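Coordinate inspection notes
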Amino acid sequence: MEDSTYLDISKGLNIYYSMFLIIVGTVFNVLSIIVLSRKKFRGTTFSIYFQFLAVVDLFTLYSGLSRHFINGAFEYQTRESSELFCKLHFWTTTTSPDISAWVLVTVTTERVLSIVKPLAVHDFFSRRNVCLLLILLSVSLLIINIPTLIAHGDLKIHGSNGTVTVVKCTMNRSEMKHFMENIWWWIDIIKFVILPSFLLSVFNIIIIISVVKSRKRIEKFVSAPSTRSNYENATRSIVPQKELSLTITLLVINVTFIILNSPISIYLLGEEYWFEPGFTPKERLVYTCSIMAMYTNNAANFLLYCATGTKFREEIRVLFKSCLERCPSRKHKTYSPKMTSQNRHEINTVSSSVQDLSQGNFRPVTENIEHNKNRSVYLT
């Protein structure tokens with residue numbers, strides 16, 4: 001495959017797939033926020049996690065993915081607009097994916113603890129404490145990623161003849177070059193992909209084992225002779241099954257995160273060994289595909305909620321039904337039956353009879369009955 005083909009595919013992904021993800025991700029994440037803020041979910045801490053995750057995903061799409069769209073469509077680097085924007089953009093686009101990853105780790109940790117220590121979890125993970133925990137998590141990651149804010153900016157290169165060349169939005173601190181290329185690189189990939197994926201995998205295994213054991217206990221108690229003790233034990237075992245839908249949703253979200261973020265982590269780990277020096281067209285395409293897979297994760301959570309969450313699907317139906325009922329075009333119209341010849345004749349008959357009565361022109365009732373017997377119209 002020629003280099004131009006690699007570049008064309010990469011540019012097409014940056015333009016069309018980026019725009020598709022931004023539009024779909026906006027609609028899906030806004031719907032997630034609306035549905036999870038409804039009355040049915042307000043009492044749960046998981047609604048807070050997933051609403052916050054939707055907000056972070058929206059920010060990630062608009063701050064990170066929009067840059068790739070603008071670069072592909074207009075060949076303009078937004079980071080080069082100003083040095084301040086360069087610093088802030090590096091800082092926020094590094095932090096927002098980290099927050100998404102660690103929100104999933106936090107909510108999965110709560111789910112595991114609810115299986116191991118249900119009473120302690122209920123006391124600690126209140127809605128207020130969850131909000132404080134998410135704020136603390138976000139602030140901590142912003143502080144951890146401060147090196148990206150400091151190390152990037154405009155680099156001025158002074159020539160021998162007195163000329164000054166300005167390189168926009170690059171690493172502009174020579175004293176930090178070794179740290180950023182050899183130490184921070186590993187910190188970044190570990191905190192963003194490797195450590196969250198490892199923790200999510202371990203927690204998922206614990207959750208799956210607990211669900212399997214719970215099912216086996218239920219089957220055992222159901223098959224055993226019916227006693228009060230067995231009934232109470234079975235009841236205690238069935239309680240976690242009420243939240244089985246939430247557990248499945250969480251498992252699917254975690255697995256999707258690991259799958260869609262694996263390409264970028266593999267690329268970052270192997271780029272030095274797999275590609276020639278310089279950003280070749282082939283490497284550009286691999287990088288673009290990896291980035292698009294990563295941003296797909298920020299747009300797809302709504303579909304995962306719909307696919308695995310029973311209550312979520314019910315609320316979606318209720319939401320759309322209420323919207324359709326409020327739509328002006330759907331409101332009931334006043335029924336106005338068409339005037340047929342039969343209706344007109346009957347009205348004329350009644351009108352003439354009323355007129356005769358008012359003028360004193362009384363006709364026998366039998367005559368009226370005979371006149372209208374075919375239609376059973378009785379004037380009294």
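This text gives an overview of the structure that appears in the document.

Definitions and cut-offs
- Residue numbers run consecutively from 1 along every chain, following the written order of its sequence.
- Residue-level local features of this predicted model are given only where pLDDT is at least 70; pairs of side-chain atoms are given and counted only at 80 or more, and the full residue set underlies all totals for whole chains, interfaces and linings.
- Side-chain metrics in this entry use all non-hydrogen atoms of the structure; hydrogen atoms and water are not considered.
- For this document, the term salt bridge refers to a Lys or Arg side-chain nitrogen within 4 Å of an Asp or Glu carboxyl oxygen.
- Secondary structure elements are taken from DSSP: a helix is a run of H or I of four residues or more, a strand is a run of E of two residues or more, and numbering for both begins at the N terminus.
- Burial classes follow relative accessibility: with a 1.4 Å probe on protein chains only, a residue under 20% of its type's maximum area counts as buried, one over 50% as exposed, and anything between as partly exposed.
- The disulfide definition used here is simple: a pair of cysteine sulfur atoms within 2.5 Å.
- As a rule, the C-alpha atoms of each element are fitted with a line to give its axis, helices using only the stretch in contact, and angles between N-to-C directions run from 0 to 180 degrees.
- In a left-handed crossing the near helix is turned counterclockwise from the far helix by less than a right angle, and in a right-handed crossing that turn is clockwise.
- Residue contacts are counted whenever heavy atoms from the two residues lie within 4.5 Å of one another.
- In this count, Pro and Cys sit with the nonpolar residues alongside Ala, Val, Leu, Ile, Met, Phe, Trp and Tyr, while Asp, Glu, Lys and Arg are called charged and the others, Gly among them, polar.
- Patch construction takes residues with relative accessible area above 30% that form no salt bridge. Like charges are linked within 9 Å, and nonpolar side chains (Val, Leu, Ile, Met, Phe, Trp, Tyr) are linked within 5 Å.
- Only the protein chains shown count as covering a residue, and every accessible area follows the Shrake-Rupley method with a 1.4 Å probe.
- In this scheme Phe, Tyr and Trp rings, the latter by its six-membered ring, pair at centre separations within 6.5 Å, and the angle between planes marks the pair as stacked below 30 degrees, edge-to-face above 60, and tilted otherwise.
- We count a charge as sitting over a ring when the NZ of a lysine or the CZ of an arginine lies within 6 Å of the ring centre and within 35 degrees of the ring normal.

**Considering the pattern of salt bridges**
- According to the stated counting rule, one finds seven salt bridges in the structure shown.
- Arg38 is the salt-bridge partner of Glu315, the closest N and O atoms lying 2.7 Å from each other. Of the two residues, Glu315 sits in helix α12 (residues 310–326) while Arg38 sits in the loop between α1 (3–36) and α2 (45–74), which places them 277 residues apart along the sequence.
- The class of Glu315 is buried, set by a relative accessible area of 8%.

**What about the state of the cysteines?**
- Scanning the entire structure with this criterion turns up one disulfide.
- Residue Cys86 pairs covalently with Cys169 via a disulfide, S to S 2.1 Å. Classification of the bridge connecting Cys86 and Cys169 rests on its S-S torsion, roughly 85°, and on that basis the disulfide is right-handed. Here Cys169 lies in strand β2 (residues 164–171) and Cys86 lies in helix α3 (residues 83–116), a separation of 83 residues in the sequence.
- Look at Cys86 and you get buried, because its relative accessible area is 0%.
- By relative accessible area, which is 14% here, Cys169 ends up buried.

**Comments concerning the packing of α3 against helix α9 (residues 244–274)**
- Contact pair α3 / α9: the axes reach a minimum separation of 11 Å and the direction vectors enclose 145°. When you trace α3 past α9, the crossing you get is left-handed. The segment α3 lies against α9, with Ala101, Leu104, Val107, Thr108 and Arg111 engaging Thr247, Leu250, Ile253, Asn254 and Phe257.
- Looking at the contact of α3 with α9, its residues break down into six nonpolar, three polar and one charged.

**With respect to a nonpolar patch on the surface**
- A contiguous nonpolar patch, built from Trp186, Ile190, Ile194, Leu195, Phe198, Val202, Ile206 and Leu269 and spanning about 650 Å² of accessible area, is present on the exposed surface.
- Here the element with the most residues in the nonpolar patch is helix α7 (residues 177–223); it accounts for seven residues.
- Looking at the element boundaries, Val202 is found in helix α7.
- In this structure Val202 comes out as partly exposed when scored by relative accessible area, which is 32%.

**What about the packing of aromatic side chains?**
- According to the stated counting rule, one finds 14 aromatic pairs in the structure shown.
- Seen from their ring centres, Phe46 and Tyr49 are 6.3 Å apart, and the 55° between their planes marks the pair as tilted. In this pair, Phe46 and Tyr49 are both assigned in helix α2, three residues apart and thus about one turn of the helix distant. The same class applies to Phe46 and to Tyr49, which are both buried.
- Note on Tyr267 and Phe275: the rings are 6.2 Å apart at their centroids and 50° apart in plane angle, and the pair reads as tilted.
- Judged by its relative accessible area of 4%, Tyr267 is buried.
- Judged by relative accessible area, Phe275 falls into the buried class, the value being 16%.
- One Lys or Arg, Arg79, reaches over the ring of Phe90 and ends 3.9 Å from the middle of that ring.

The analysis is restricted to geometry; functional conclusions fall outside its scope.
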